[in-house]
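Residue-level structural notes
For reference, the chains in residue letters:
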Amino acid sequence: MELRQLQYFVAVVDAGSFSRAAVVLDLAQPSLSRQIALLEADLGQRLLVRTGRGVTTTDAGEALLVHARAMLEISRRARDELGEMEESPGGRIVVGMPPRVALGLSAPLIRRFRQRFPRAVITVLEGLSVALRESLVAGRLDLALLFDPAPSAQLSFQPLMREKLLLVAPPRSKLPARVGLPALASYPMVLPSAPNAIRHLLDSVLGPRRIELQVLAEVGAVRTVLALVATGVGCTILPESALGADDDEALPRAPIGPPAIWNALVLATPTARPATRLVRGTAQLLQELDFRRPHVE
């Protein structure tokens, strides 16, 4: 049983078919099938069953899959740690970001990463903070930027930025200098749909005060929220960094409070996995970025 064969086996399971896995691995399909057959012969167990839609794992295959992922992860960590002995470490790092942060910061991060670590590869994955948090705990991410994450003994958080939320209204709307929390209930709202971090923050602040918003519509992306506000559908509640595009300049806005509602962006790292030099260096690059530049989600 070789690590290469385990890598091929996991690739076939993840892809759901030999043909798709062969493309991902850049390997001829007959060669891939032969390696899986050798692995099955070595173990004396049938691991995969071909179906009309691809492949499925047998009970033995499911059992091996857990061990295979663990062994491949241990192998990856060993390679990364050995790479730290060199001045410019190689390897791969996976960073998770919310979409409205990734749009504005992926380019400067990757540009600085390439200058600092020319032998390494960086992958930026986008997703909502809730999903990124789960991926970080599961080991699919090395680092993640999260909005207002729940406390966790499995993660360490480094604060990066705090912003006050604003009430944003359609063009030519008249807003007061400041909007108190109870007054928010009088404005028709277009809000991001759960499990968006801003929506969770609003619910956690307004719920205990029994302030119920007039939600006319829920959509998944902040850019769509702003487009609906611009057409007069209703108001919304967002941080300043979500309003940087030129098309948003005409949207009236007012601070909320007292008390103000603060949106926090943090850098999250897993506590159970030792930080390699590549992880530490990438974390430093993230902390040096300007998070107050305009972003959209």
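Residues numbered from 1 in each chain as written. Predicted model: local features only at pLDDT ≥ 70, side-chain atom pairs only at ≥ 80, totals over all residues. Heavy atoms only, no water.

**Considerations on the UniProt feature "domain: HTH lysR-type" (unreviewed entry) in the chain**
Here the UniProt-annotated "domain: HTH lysR-type" (unreviewed entry) positions come out as residues 1–58. Segment residues 1–58 splits into 62% helix and 14% strand. End C-alpha atoms: 18 Å apart. (UniProt positions renumbered as here; feature names shortened; annotations may be inferred. Helix = DSSP H or I, 4+ residues; strand = E, 2+ residues; numbered from the N terminus.)

**Examining the pattern of salt bridges**
Close approach of charged atoms allows side chains of opposite charge to pair. Considering all chains together, one arrives at eight salt bridges under this definition. For the salt bridge of Glu73 with Arg76, the shortest nitrogen-to-oxygen distance reads 3.0 Å. With Glu73 and Arg76 both in helix H4 (residues 59–83), this residue pair falls three residues apart, about one helical turn. Exposure remark for Arg76: the relative accessible area of 27% places this residue in the partly exposed category. Between Arg253 and Glu240 there is a salt bridge, with its nearest N and O atoms 3.5 Å apart. Residue Arg253 is located in strand E10 (residues 253–255), and its partner Glu240 is located in the loop between strand E9 (236–239) and E10; the two are separated by 13 residues in the primary sequence. A residue is classified by how much of its surface remains accessible, and Arg253, at 25% relative accessible area, is partly exposed. Overall, Glu240 belongs to the partly exposed group, its relative accessible area being 39%. Here the salt bridges do not stand alone but share partners, grouping Glu73, Arg76, Arg77 and Asp142 into one network. (Salt bridge = Lys/Arg side-chain N within 4 Å of Asp/Glu carboxyl O. Buried < 20%, exposed > 50% of the residue type's maximum accessible area, 1.4 Å probe, protein only.)

**Digging into unusual backbone geometry**
Of the consecutive residues Gly257 and Pro258, the connecting peptide bond is found in the cis state with omega at 0°. The residue Pro258 is located in the loop between E10 and strand E11 (262–270) in this model. Here the residue pair Pro258 and Pro259 is connected by a cis peptide bond, since its omega of -5° sits within 30 degrees of zero. Here Pro259 lies in the loop between E10 and E11. With phi around 45°, Asp148 is a residue other than glycine that occupies positive phi space.

**Considering the domain arrangement of the chain**
Along its sequence, the chain is organised into domain 1 (3–83), domain 2 (89–160 + 264–288) and domain 3 (163–262). Just the C-alpha atoms count here: the centres of domain 1 and domain 2 sit 28 Å apart. At the interface, six residues of domain 1 touch seven residues of domain 2. For the pairing of domain 1 and domain 2, the buried interface totals around 480 Å² over both sides, and the portion due to carbon and sulfur atoms is 45%. At the surface where domain 1 touches domain 2, the tally comes to one salt bridge. In this structure, Arg76 and Asp142 form a salt bridge, with 3.6 Å as the shortest nitrogen-oxygen distance. The tally of links between domain 1 and domain 2 comes to zero residue pairs in polar contact (both at pLDDT 80 or more). For the side of domain 1 that touches domain 2, the residue count by class is no nonpolar, one polar and five charged. (Domains from an automatic or database assignment. Contact = heavy atoms within 4.5 Å. Buried area = accessible area lost by both parts, 1.4 Å probe. Polar contact = N/O pair within 3.5 Å; in protein donor to acceptor, adjacent residues only side chain to side chain. Nonpolar A, V, L, I, M, F, W, Y, C, P; charged D, E, K, R; others polar.)

**A short note on the packing of helix H5 (residues 99–116) against helix H9 (residues 277–288)**
Taken N-terminus to C-terminus, the directions of H5 and H9 make an angle of 135°; their axes are 10 Å apart at the nearest point. Taken together, the axis directions place H5 and H9 in an arrangement best described as oblique. Handedness of the crossing formed by H5 with H9: right-handed. Contacts between H5 and H9 pair Leu109, Arg112, Phe113 and Arg116 from the former with Arg277, Leu278, Thr282, Leu285, Leu286 and Glu288 from the latter. Considered class by class, the residues forming the contact of H5 with H9 number five nonpolar, one polar and four charged. (Axes fitted to C-alpha atoms, helices over the stretch in contact; angles between N-to-C directions. Parallel < 35°, antiparallel > 145°, perpendicular 65-115°, else oblique. Left-handed = near helix turned anticlockwise from the far one by under 90°.)

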